[in-house]
Amino acid sequence: MVVVHVAESQRHRWSPRLQLSLEPTKDGGTHIVGVYGPEHEVWAMFIYGYLVTGLLGTFSGIYGGAQLFLGQPPWALWICGSMAVVAGVLYLVAQLGQKLGAWQTFELHQVYQDALERATPDLVGSR
């Protein structure tokens, strides 16, 4: 496994990384699988953000539905709606981060392509 990061001097919160998994093939070659994505801290922030908003939204929606059924004022539905708004904001922030990191993702891809061409100059041109 290899992880390629953006240089520390150019790294931002939205900077991507390239995670490569190298596996040998039966014919003696190497099968490469790669994933471009954010750093682990950024992944965790969004995962926990969606988890918290999803749980609070779901439970407050259930509680608000019970309040409606019992004829009480459904104040919990306000929490449910606000969690939907927070989830929408999280999604928009994620999209903004992807757009801000697009050029660095392109640069990481170029570094990967250059390294692959240097490692196998006769095979890369034939694909």
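Everything below is about the structure printed above this text.
A. Structural context of the pattern of salt bridges. Overall, the coordinates contain one salt bridge when judged by the stated rule. Arg11 is paired through a salt bridge with Glu8; the nearest N and O atoms lie 3.4 Å apart. For Arg11, a relative accessible area of 31% translates into the label partly exposed.

B. Looking closely at the sheet that holds strand S1 (residues 2-5). What the three strands build is an open sheet, ordered S1-S2-S3; its pairing is antiparallel. Because the sheet does not close on itself, it has two edges, and the strands there are S1 and strand S3 (30-38). Here the average twist between neighbouring strands, direction ignored, is 20°. Where strand S2 (residues 16-24) lies against S3, nine bridges are found, and the strand directions are antiparallel. Residue Pro16 lies in a different strand from S3, and its bridge partner there is Pro38. This element, helix H1 (residues 40-69), spans S2 and S3 of the sheet and lies at about 60° to S3. Contacts from helix H3 (residues 102-119) reach S1, S2 and S3 within the one sheet, and its direction differs from that of S2 by about 30°.

C. Examining the side chain of Gln104 more closely. Topologically, Gln104 is positioned in helix H3. The class of Gln104 is buried, set by a relative accessible area of 10%. Polar contacts involving the side chain of Gln104 include one to the side chain of Ser15, which spans 2.7 Å. Among all residues touching Gln104, those that are not within four sequence positions of it are Val6, Gln10, His12, Trp14, Ser15 and Pro16.

D. Inspection of the side chain of Gln67 at higher detail. By secondary structure assignment, the location of Gln67 is in helix H1. Leaving out residues up to four positions away in the same chain, Gln67 has contacts with Gln72, Pro73, Pro74, Trp75 and Ala76.

E. Molecular detail of a nonpolar patch on the surface. A surface patch of nonpolar side chains, about 770 Å² in accessible area, is lined by Trp43, Ile47, Tyr48, Leu51, Leu55, Phe59 and Ile62. Relative to the elements of secondary structure, Ile62 occurs in helix H1.

F. The packing of aromatic side chains, seen in detail. Taken as a whole and judged by the stated rule, the model has two aromatic pairs. Geometrically, the ring pair formed by Tyr63 and Trp75 is edge-to-face, given 5.6 Å between the ring centres and 65° between the ring planes. Taken together, the residues Tyr63 in helix H1 and Trp75 in the loop between H1 and helix H2 (76-100) connect sequence positions 12 residues apart. Given the relative accessible area of 44%, Tyr63 is considered partly exposed.

Basis of the calculations
Residues numbered from 1 in each chain as written. Predicted model: local features only at pLDDT ≥ 70, side-chain atom pairs only at ≥ 80, totals over all residues. Heavy atoms only, no water. Salt bridge = Lys/Arg side-chain N within 4 Å of Asp/Glu carboxyl O. Buried < 20%, exposed > 50% of the residue type's maximum accessible area, 1.4 Å probe, protein only. Pairing = 2+ DSSP bridges. Helix = DSSP H or I, 4+ residues; strand = E, 2+ residues; numbered from the N terminus. Axes fitted to C-alpha atoms, helices over the stretch in contact; angles between N-to-C directions. Contact = heavy atoms within 4.5 Å. Polar contact = N/O pair within 3.5 Å; in protein donor to acceptor, adjacent residues only side chain to side chain. Patch = residues over 30% accessible without salt bridge, like charges linked within 9 Å, V, L, I, M, F, W, Y side chains within 5 Å. Areas by Shrake-Rupley, 256 points an atom, 1.4 Å probe, with all protein chains shown as cover. Phe/Tyr/Trp six-rings, centres within 6.5 Å; stacked < 30°, edge-to-face > 60°.

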